[in-house]
Amino acid sequence: MKKITFLSLLLVVVLIMVQGCSAADYLTFHGDAGRTGYVAEVGPLSENIRWSVSPGYIDSSPVVEGDRVYLATTYGMGNDPDPAVFCYNTSTGVEIWHASIGAGFYSGITIADDLVVVGGTDGYLYALNKADGSNAGMGWPAHADANAGWSGISSTPLYYDGLLYVLSLIHISEPTRP
């Protein structure tokens, strides 16, 4: 329990050290549609930690846009709070909003225009308004995998050229033999 909490906190601290001082937006896993991980701007020039948070068990890469950082928590081992999506101010670490969706485990987050999009183990894509974390409304959540099994949406959604792409595991069972 302590190890998981420490690792979750460490991930957030590292993100803040790397992204907190940078002006770069990091809108999805590995930063861009090509998933290259490349950031053109120079990172922070000191090792000073500006702030840290421990919202629960973090199991995916946070994303950064402007003065906000978004991250999703999931069920850890122990008494972690219910899974939720969080939005923090990158300069101060103050929580702007958080939203519990109820899917259980979440994939990584991606920013799609004015939405924060995350996949759930239930096979649904969830979209929240970036401004306040409220449900995006009409058409959301979107059922992306009708046969989600135990894994659901298994990767960070990709927003590219106005479309969302998701990866889900296909569940194949061996044929029954007579």
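For the structure, see preceding data.
Residue numbers restart at each chain and count upward from 1, following the sequence in its written direction. In view of the model being predicted, local features appear only for residues whose pLDDT reaches at least 70, and side-chain atom pairs are presented and counted only at 80 or more, with totals across whole chains, interfaces and linings using the full set of residues. No hydrogens and no water enter the side-chain calculation; it runs on all heavy atoms of the structure.

**Focus on the nonpolar core**
Under the convention used in this document: What we call a nonpolar core is a set of buried Ala, Val, Leu, Ile, Met, Phe, Trp, Tyr and Cys residues that are connected through their side-chain atoms within 4.5 Å. Residue exposure (1.4 Å probe, protein chains only): buried if accessible area is under 20% of the type maximum, exposed if over 50%, otherwise partly exposed. Under the scheme used here, helices are H or I runs from DSSP no shorter than 4 residues and strands are E runs no shorter than 2 residues, and both carry numbers assigned from the N terminus. Contact criterion: two residues are considered in contact whenever any of their non-hydrogen atoms come within 4.5 Å of each other.
Within the largest apolar cluster, 15 residues are counted, with the highest numbers of intra-cluster contacts made by Tyr-70, Val-85, Trp-97, Ile-109 and Val-116. Listing elements by their share of this core, those giving two or more residues are strand E3 (68-74), strand E4 (85-89), strand E5 (95-99), strand E6 (106-112), strand E7 (115-120) and strand E8 (124-129). If you tally residues by element for this core, the top one is E6, at three residues. With residues up to four places along the chain from it excluded, the contact list for Val-85 reads Leu-71, Ala-72, Trp-97, His-98, Ala-99, Ile-101, Ile-109, Val-116, Val-118 and Leu-128. Val-64, Leu-71, Phe-86 and Tyr-88 belong to the second largest nonpolar core, which has nine residues in total.

**A word on the packing of aromatic side chains**
How two aromatic rings sit relative to each other is given by the distance of their centres and the angle of their planes. Here is the rule we go by: Pairing of aromatic rings covers Phe, Tyr and Trp, the last through its six-membered ring, and needs centres within 6.5 Å; plane angles under 30 degrees mean stacked, over 60 mean edge-to-face, and all others mean tilted.
Applying the stated criterion to the full structure yields four aromatic pairs. Ring geometry for Trp-51 and Tyr-88: centres 5.9 Å apart, planes at 40°, overall tilted. With Trp-51 in the loop between helix H1 (2-19) and strand E1 (57-58) and Tyr-88 in strand E4, this residue pair connects regions lying 37 residues apart in the sequence. Residue classification places Tyr-88 among the buried residues on the basis of a relative accessible area of 4%. Relative to Tyr-88, the ring of Phe-86 lies with its centre 5.9 Å away and its plane at 5°, an arrangement referred to as stacked. As far as the burial class goes, Phe-86 and Tyr-88 line up, both buried. Chaining the aromatic ring pairs together yields one cluster made of Trp-51, Phe-86 and Tyr-88.

**Section: the pairing of E8**
Rule in force here: Strand pairing follows a simple DSSP-based rule, namely that at least 2 bridges must link the two strands.
For E7 and E8, the ladder comprises five bridges, and the chain directions are antiparallel. Considered in E8, the bridge of Val-118 is made with Tyr-126. Connecting E7 to the antiparallel partner E8 that follows it, the hairpin turn spans three residues, and Gly-123 within it adopts a positive phi of roughly 90°. Both E8 and strand E9 (residues 142-143) contribute to a ladder of two bridges, which runs antiparallel.

**Topic: the sheet that holds E6**
Two orientations exist for strands paired in a sheet by backbone hydrogen bonds: parallel and antiparallel. Sheet architecture is open: four strands sit in the order E6-E7-E8-E9, paired in antiparallel fashion. Two strands bound the open sheet, and with one partner strand each, they are E6 and E9.

**Comments concerning the side chain of Lys-130**
Secondary-structure assignment places Lys-130 in the loop between E8 and E9. Residue Lys-130 is classed as buried on the basis of its relative accessible area, which comes to 12%. Setting aside chain neighbours within four positions, we find Lys-130 in contact with Glu-65, Arg-68, Tyr-70, Trp-97, Ile-111, Asp-113, Asp-114, Leu-115 and Val-116.

**As for a nonpolar patch on the surface**
We count it as follows: Distance thresholds for patches are 9 Å for like charges and 5 Å for nonpolar side chains (Val, Leu, Ile, Met, Phe, Trp, Tyr), applied to residues having over 30% relative accessible area and no salt bridge. Using a 1.4 Å probe, accessible areas were evaluated by the Shrake-Rupley method; residue-level cover was limited to the displayed protein chains. Note on definitions: salt bridges are taken to be side-chain nitrogens of Lys or Arg within 4 Å of carboxyl oxygens of Asp or Glu.
A surface patch of nonpolar side chains, about 330 Å² in accessible area, is lined by Tyr-160, Leu-163 and Tyr-165. Mapped onto the secondary structure, Tyr-165 falls in strand E11 (residues 163-165).

**Notes on unusual backbone geometry**
Of note, the amide linkage connecting Trp-140 to Pro-141 takes the cis form, showing an omega dihedral of 0°. Among the structural elements, Pro-141 can be located in the loop between E8 and E9. Phi is positive for Asp-113, which is not a glycine, with a value near 55°. Positionally, Asp-113 belongs in the loop between E6 and E7.

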